[in-house]
Amino acid sequence: MIDHNDNLNTIPPLEEIYAEFDFLGDSDDQINYLIDLGLDLPKLSPEKKTEQNRVHGCQSQVWMTTDFDSEHSQLNLQAESDAMIVNGLIVVLMAAYQQKTPQQILELDIHAIFDRLGMDRHLSPQRKNGLNGMVQRIRSAAQQALNL
Amino acid sequence: MNNATTSDFDVQLIREQFPILRQQDKRGKQVVFLDNGASTQKPVSVIQKTTEVYEQYYANAYRGVYQFGQKVDDELELTRRTVQQLIRAETPEQISFTSGTTMSLNLIAQGYGRVVLKPGDEILLTIMEHHANLVPWQMIARQTGAVVKYLPLHPDGTLSTNQLDQLLTERTRIVSVTGMSNVLGTVVDLKSLSRQVHDAGAIFVVDAAQLISHAQIDVVADEIDFLTFSGHKIYGPSGVGIMYGKAELLDRMEPLLGGGHMIDQVFPDHSTWAPPPAKFEAGTLPIAQAIALRPALELVQTIGYEAIARHEHSLLRSGMEKLQQVPGLKILGPASEHRGAIISFTMEGAHPQDLAFLLNRANVCVRHGHHCTMPLHQSLGIDASVRASFAFYNTHEEIDELVAALFEARKRLRLN
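Rules behind the numbers
Residues numbered from 1 in each chain as written. Chains lettered and ligands numbered in written order. Predicted model: local features only at pLDDT ≥ 70, side-chain atom pairs only at ≥ 80, totals over all residues. Heavy atoms only, no water. Helix = DSSP H or I, 4+ residues; strand = E, 2+ residues; numbered from the N terminus. Rg over C-alpha atoms; globule rule 2.2 N^0.38 Å. Buried < 20%, exposed > 50% of the residue type's maximum accessible area, 1.4 Å probe, protein only. Contact = heavy atoms within 4.5 Å. Areas by Shrake-Rupley, 256 points an atom, 1.4 Å probe, with all protein chains shown as cover. Lys, Arg positive; Asp, Glu negative; His and termini not counted. Charge placed at Lys NZ, Arg CZ, Asp CG, Glu CD. pLDDT = per-residue confidence, 0-100. Pairing = 2+ DSSP bridges. Axes fitted to C-alpha atoms, helices over the stretch in contact; angles between N-to-C directions. Domains from an automatic or database assignment. Buried area = accessible area lost by both parts, 1.4 Å probe. Salt bridge = Lys/Arg side-chain N within 4 Å of Asp/Glu carboxyl O. Polar contact = N/O pair within 3.5 Å; in protein donor to acceptor, adjacent residues only side chain to side chain. Nonpolar A, V, L, I, M, F, W, Y, C, P; charged D, E, K, R; others polar. Left-handed = near helix turned anticlockwise from the far one by under 90°. Core = buried A, V, L, I, M, F, W, Y, C linked by side-chain atoms within 4.5 Å. Phe/Tyr/Trp six-rings, centres within 6.5 Å; stacked < 30°, edge-to-face > 60°. Lys NZ or Arg CZ within 6 Å of the ring centre and 35° of its normal.

Caption draft 1: Fine view of the overall build of chain A. Within chain A one finds 7 helices and 2 strands. When the helices and strands of chain A are read in sequence order from the N terminus, they spell out α-α-β-β-α-α-α-α-α. A compact globule built from 148 residues should have a C-alpha radius of gyration of about 15 Å, and chain A, at 15 Å, falls within 12% of that. When its C-alpha atoms are laid out on the principal axes, chain A stretches across 45 × 30 × 30 Å. Taken over 148 residues, chain A has a buried fraction of 47%. Contacts in chain A between residues far apart in sequence, at least 24 positions, make up 65% of those at least 6 positions apart. Counting only carbon and sulfur atoms, one obtains 47% of the accessible surface of chain A, whose full area is about 7,200 Å². Distance between charge centres in chain A, computed from 11 positive and 22 negative side chains, equals 6 Å.

Caption draft 2: Geometry of the confidence of the model for chain B. Residue and element names in this part refer to chain B. Summarising the model, chain B shows a mean pLDDT of 96, and 98% of its residues fall at 70 or more. This stretch, residues 1-6, has a pLDDT under 50; its non-local contacts, to residues over four places away or in other chains, come to 11 contacts. ipTM for the predicted complex: 0.81, alongside a pTM of 0.91.

Caption draft 3: Region of interest: the sheet that holds strand E12 (residues 342-347) of chain B. All names here are of chain B. Strand order across the open sheet formed by 4 strands is E11-E12-E15-E14, with antiparallel pairing between neighbours. The open sheet terminates on both sides in strands that have one partner only, identified here as strand E11 (329-332) and strand E14 (367-369). Strand-to-strand, the axes of this sheet are offset by a mean angle of 30°, without reference to chain direction. Where E12 meets strand E15 (residues 385-389), 4 bridges bridge the pair, whose relative direction is antiparallel. Paired with Ile-342 across the bridge in E15 is Ser-389. Across the sheet, helix H11 (residues 305-323) touches E11 and E12, and the angle it forms with E12 is around 10°.

Caption draft 4: A look at the domain arrangement of chain B. All names here are of chain B. As far as domains go, chain B holds domain 1 (11-43 + 304-412) and domain 2 (47-301). Placing a centre on the C-alpha atoms of domain 1 and another on those of domain 2 gives a separation of 27 Å. Taken together, the contacts link 40 residues of domain 1 with 35 residues of domain 2. With both sides pooled, the region where domain 1 packs onto domain 2 buries about 2,900 Å², and carbon together with sulfur makes up 61% of that total. Seen at the junction of domain 1 and domain 2, the total is 0 salt bridges. Where the side of domain 1 that touches domain 2 is concerned, the elements lending two or more residues are H11, E12, helix H13 (374-380) and E15.

Caption draft 5: Quick peek at the sheet that holds strand E3 (residues 122-126) of chain B. Residue and element names in this part refer to chain B. Here we have 7 strands laid out as an open sheet, ordered E2-E8-E7-E6-E5-E3-E4, and mixed in their pairing. At either margin of the open sheet sits one strand with a lone partner, and together these are strand E2 (95-98) and strand E4 (147-151). Neighbour-to-neighbour, the strand axes of the sheet open up by a mean angle of 20°, direction not taken into account. Here strand E5 (residues 172-178) runs beside strand E6 (residues 203-207); their pairing, made up of 5 bridges, is parallel. Opposite Thr-178, over in E6, you have Asp-207 as the bridge partner. Packed onto the sheet, helix H4 (residues 101-111) meets E2, E5, E6, strand E7 (226-230) and strand E8 (241-245) and runs at close to 155° relative to E7.

Caption draft 6: Layout of the interface of chain A and chain B. Counting residues at the interface gives 19 residues for chain A, matched by 12 residues for chain B. The junction of chain A with chain B conceals about 1,400 Å² of combined surface from both sides, 41% of it contributed by carbon and sulfur atoms. The interface formed by chain A and chain B holds 3 salt bridges in total. When the shortest N-O distance is used, the salt bridge between Asp-36 of chain A and Arg-414 of chain B registers 3.1 Å. Linking chain A with chain B are 10 residue pairs in polar contact (both at pLDDT 80 or more). Elements that contribute at least two residues to the side of chain A that touches chain B include exactly helix H2 (27-40) and helix H3 (84-97) of chain A. Its residues assigned to classes, the side of chain A that touches chain B shows 8 nonpolar, 5 polar and 6 charged.

Caption draft 7: Up close: the packing of helix H12 (residues 352-361) of chain B against helix H14 (residues 396-412) of chain B. Residues and elements named next belong to chain B. Across the interface, H12 lies against H14 with an axial gap of 9 Å and an inter-helix angle of 120°. Seen from above, H12 lies across H14 with right-handed handedness. Contacts from Leu-355, Leu-358, Leu-359 and Arg-361 in H12 reach Leu-402, Ala-405, Leu-406, Ala-409 and Arg-412 in H14. Within the contact of H12 with H14, the residues separate by chemical class into 7 nonpolar, no polar and 2 charged.

Caption draft 8: Main features of the side chain of Ser-389 of chain B. Positionally, Ser-389 of chain B belongs in strand E15. Looking at Ser-389 of chain B, the relative accessible area reads 1%, which means it is buried.

Caption draft 9: Main features of the nonpolar core. Of all hydrophobic cores here, the largest spans 76 residues; its most connected members are Tyr-97 of chain A together with Leu-406 of chain B. Of all the elements, H3 of chain A adds the most residues to this core, at 12 residues. Leave out the neighbours within four places in its chain, and Leu-406 of chain B touches Leu-323, Val-326, Leu-329, Phe-345, Met-347, Leu-355 and Leu-359 of chain B. In terms of nonpolar packing, the next biggest core, distinct from the first, is built from 72 residues, Val-188, Leu-190, Ile-212 and Ala-292 of chain B among them.

Caption draft 10: Examining the packing of aromatic side chains more closely. In the structure shown here, the tally under the stated rule is 9 aromatic pairs over all chains. Among the aromatic residues, ring-to-ring pairing joins Phe-18, Tyr-235, Phe-392 and Tyr-393 of chain B into one connected group. Its guanidinium or amino end placed over the ring of Tyr-18 of chain A, Arg-116 of chain A lies 4.4 Å from that ring's centre, counting from NZ or CZ.

In structure tokens, the structure reads:
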């Protein structure tokens, strides 16, 4: 078992997720795929599941770390939830934000990606709040890295 | 006791009266509605009564002498009298219409609490209260300097009254408890508790939001000082609720809302109140909702609490038995003889949110989360649970569907 999720090989590129969503078409199948992505998300090591790393605003528990490597200033995003569907959403966030610079993160239109995947059909308002909480966490980490 | 439905109770006949239960999903699968603790579905009599009001005689209540207004007044009083009979209250004047249990409890906390509570006085609740019977008391406690205390639960989920002697003191003014937990299903021996509360000189408030659709309540025999419930949890419309109170307490307490209809005299510098129930019914009532509540209550009366309880307990027993066979599933709360028809559970390795989501895909409606009982979930050491809550229209087949859907969910989450 992999006990940390910086292994990029398990996160499909965004294009692959788009293609899979288009191929599946049916929203039930898309959710199934999202659950599978979530089930395959490597676990976050237990010592990272701290109160400080907890993302608030989610119905389920979500822990997230956002580190920028000193050399290239690229994001190393690690996150895990105790809910599998949320883990699927985390995979989408990782596909979108992983290895991006703070500048790129702040310029990225995440809602365009959610729209492209038809997330409106899949997510309740509460879950959207949770998703926004995670996005905010990533964006403020990027903002902080820029200000350093 | 057998698991079969008893002969005087035909669940299919009841189901026929609820059009929504025939709804199917896109695969043609009928809905399995097991979120009755949140809100119940409506019989055709309630739907028709609502339409009747708007089509035949709608007007504001207690204002017009014209034909429509009088018909509305008459219908409202008929509902009031039906509620009186249902909970065996002394007089219809002790029944006030509110917007729901939450409003009723806020009204009691503010209206009665503000009059009697002094700094250091105590309000006693149980740790399993819904936030609606908890937050209003915290609010009035903060305003008056009173203190909120809690009766704990036994490890098996029944209410512990072991510490009642210490917790019920000469400073206790109000004891407010649920008649039936919306999470554990735990029922409270109201009669025995009320006696002890009264011996200590406090008043006894019962949140009957859950209990009202499951068991006979007798506010006189059980010596209940205030009783609250919502129409929508007993097959009636949403937006209407009830506050019952003992006559002398209703006279003593203050209204929460000021406005039209609740006054006797209004002068530029002060006003005097109308007698109850008008005193607590400021503004325009939920007119059609209150009128359409009556056929819902009459349906419960016609079937009878005894028959309802027999059917629901048969569902409860077999539900608990079958759910226990699902691997990793842990049922919260007491044995079936100490609870009403609610089963909340957790499953090892599966988040309640995922379970509720996957059950929905099998067209099984359950609730997940903390069910507005954060202190209870904290005391149980969990964040959230899944709740299946039953009504008199649920069937044994639906329990089988719930169990099958849970096995499917386990597969989907790779738990097998």
